[in-house]
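The primary structure of each chain is shown beneath.
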Amino acid sequence: MEYYTALLRELEDYAACCGIPIIGRAGAELLCQVAVERQPKQILEVGTAIGYSTLLLLAAVPEARIVTIEINRQRWEKAREMIIRAGAAERATLLLGDAGMLLSNLDGPFDFVFLDAAKGQYLDYLLKLLDKLSDGAVIVADNVLFRGWVHSEGFVPRRYRTLVKRLREFLAFITADPRFTTTVCDIGDGVAICTFRRGIR
Ligand SMILES: C[S@@+](CC[C@H](N)C(=O)[O-])C[C@H]1O[C@@H](n2cnc3c(N)ncnc32)[C@H](O)[C@@H]1O
């Protein structure tokens, strides 16, 4: 465990040095807490970066397997290196590419999904995943309140307006669709936790 903790610290330092966004401490605690409670068997992570949250999830649920997607080759290579060093290569499938393209080809079913890639694409990701979610699957989505702008009626800088609009559409969907039971936690940059129930109309 000490070795695993050292790998996580190494990734935190690497992320800080290279300006790579990884989940913050409060979000990480919540993510792991939900994973421990739900004990998923098949996790899907959208947005691997350098494998920090991947390693957190694998440690939180030692029986789980994970499929994780990253578009940036350098980050994907770093994640692969760290997952091998963690001795977790047999439990992890690391896909390199655009999640928007890859999701439709995944097999599933997944009982835990962590959305943490392009924030403006969350609804698109979710719609592509609907037939790959098991009954009772949990979806955790990070940064859903994006700098407080998603729930605010105040000024949003022009270059973030589309992203904020799309996050609002994502939240509206998971709040209104009866198949989802959703809680939005105002921690970090905002974390949505949804439970999916198949068959509810
Ligand atoms: C916030 S970081 C992920 C952090 C990681 N989940 C963690 O907490 O350790 C988001 C990542 O999503 C990747 N990404 C952005 N758009 C993507 C896409 N369309 N498909 C796959 N990955 C994407 C970025 O390259 C970036 O590394």
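An account of the accompanying structure is given in this report. What you see is a predicted model; the values in this text were computed from it and never measured. (Residues numbered from 1 in each chain as written. Predicted model: local features only at pLDDT ≥ 70, side-chain atom pairs only at ≥ 80, totals over all residues. Heavy atoms only, no water.)

What follows covers the overall build of the protein chain. Assigned secondary structure in the protein chain consists of seven helices and seven strands. Taken from the N to the C terminus, the helices and strands of the protein chain come in the order α-α-β-α-β-α-β-α-β-α-β-α-β-β. Against the globule reference of 17 Å for 201 residues, the protein chain gives a C-alpha radius of gyration of 16 Å, in line with a compact fold. Dimensions of the protein chain along its principal axes, counting C-alpha atoms only, are 45 × 40 × 30 Å. (Helix = DSSP H or I, 4+ residues; strand = E, 2+ residues; numbered from the N terminus. Rg over C-alpha atoms; globule rule 2.2 N^0.38 Å.)

Around the ligand, a shell composed of 21 residues is seen, among which Ile 23, Gly 47, Ser 53, Glu 70 and Asp 116 lie nearest. Residue Asp 98 places a side-chain N or O atom 2.9 Å away from a nitrogen atom belonging to the ligand. Protein chains shield 89% of the accessible area of the ligand, which is 610 Å² for the free molecule. Among the residues forming the shell around the ligand, the class breakdown is 11 nonpolar, five polar and five charged. (Near = heavy atom within 4 Å. Polar contact = N/O pair within 3.5 Å; in protein donor to acceptor, adjacent residues only side chain to side chain. Areas by Shrake-Rupley, 256 points an atom, 1.4 Å probe, with all protein chains shown as cover. Nonpolar A, V, L, I, M, F, W, Y, C, P; charged D, E, K, R; others polar.)

Looking now at the sheet that holds strand 3 (residues 92–96). Pairing in this open sheet of seven strands is mixed, and the strands run 3-2-1-4-5-7-6 from one edge to the other. On the outer flanks of this sheet lie strand 3 and strand 6 (180–185), each paired with one strand and no other. When the angles between neighbouring strand axes are averaged without regard to direction, this sheet yields 15°. Both strand 5 (residues 133–142) and strand 7 (residues 191–196) contribute to a ladder of five bridges, which runs antiparallel. Bridged to Val 140 within strand 7 is Ile 193. Sheet contacts for helix 4 (residues 73–85): strand 2 (65–70) and strand 3; angle to strand 3, the most-contacted strand, approximately 165°. (Pairing = 2+ DSSP bridges. Axes fitted to C-alpha atoms, helices over the stretch in contact; angles between N-to-C directions. Contact = heavy atoms within 4.5 Å.)

With that out of the way, let us pick up the packing of aromatic side chains. The relative placement of two aromatic rings is captured by the distance of their centres and the angle of their planes. For the structure shown, the criterion picks out seven aromatic pairs. With a centroid separation of 5.5 Å and 55° between ring planes, the pair formed by Phe 146 and Tyr 160 is classed as tilted. With a gap of 14 residues between them, Phe 146 in the loop between strand 5 and helix 7 (161–176) and Tyr 160 in the loop between strand 5 and helix 7 connect regions that are remote in the sequence. Tyr 160 sits in the buried class, given a relative accessible area of 14%. Here the aromatic rings of Phe 180 and Phe 196 are separated by 5.3 Å at their centres, their planes lie at 50°, and the arrangement is tilted. (Phe/Tyr/Trp six-rings, centres within 6.5 Å; stacked < 30°, edge-to-face > 60°. Buried < 20%, exposed > 50% of the residue type's maximum accessible area, 1.4 Å probe, protein only.)

Attention now goes to the layout of surface pockets. Its boundaries defined by the atoms lining it, the largest pocket holds a volume of some 410 Å³. In terms of lining residues, the largest pocket is bounded by 23 residues, among which Pro 21, Gly 47, Asp 116, Ala 117 and Lys 119 are the most central. Those elements that provide at least two residues to the lining of the largest pocket are helix 3 (52–60) and strand 2. Class assignment of the residues belonging to the lining of the largest pocket gives a composition of 11 nonpolar, six polar and six charged. Of the pockets and cavities examined, the second largest pocket occupies roughly 200 Å³. What lines the second largest pocket is a set of 13 residues, among which Leu 8, Arg 9, Glu 12, Tyr 52 and Leu 56 lie closest to the centre. Ranked by residue count, the leading element in the lining of the second largest pocket is helix 1 (residues 2–18), at five residues. (1 Å grid on protein atoms, 1.4 Å probe; cavity = no way out; pocket = protein on both sides within 12 Å on 5 of 7 lines; lining within 4 Å. Points joined across faces, edges and corners; volume = space filled by probe spheres on them.)

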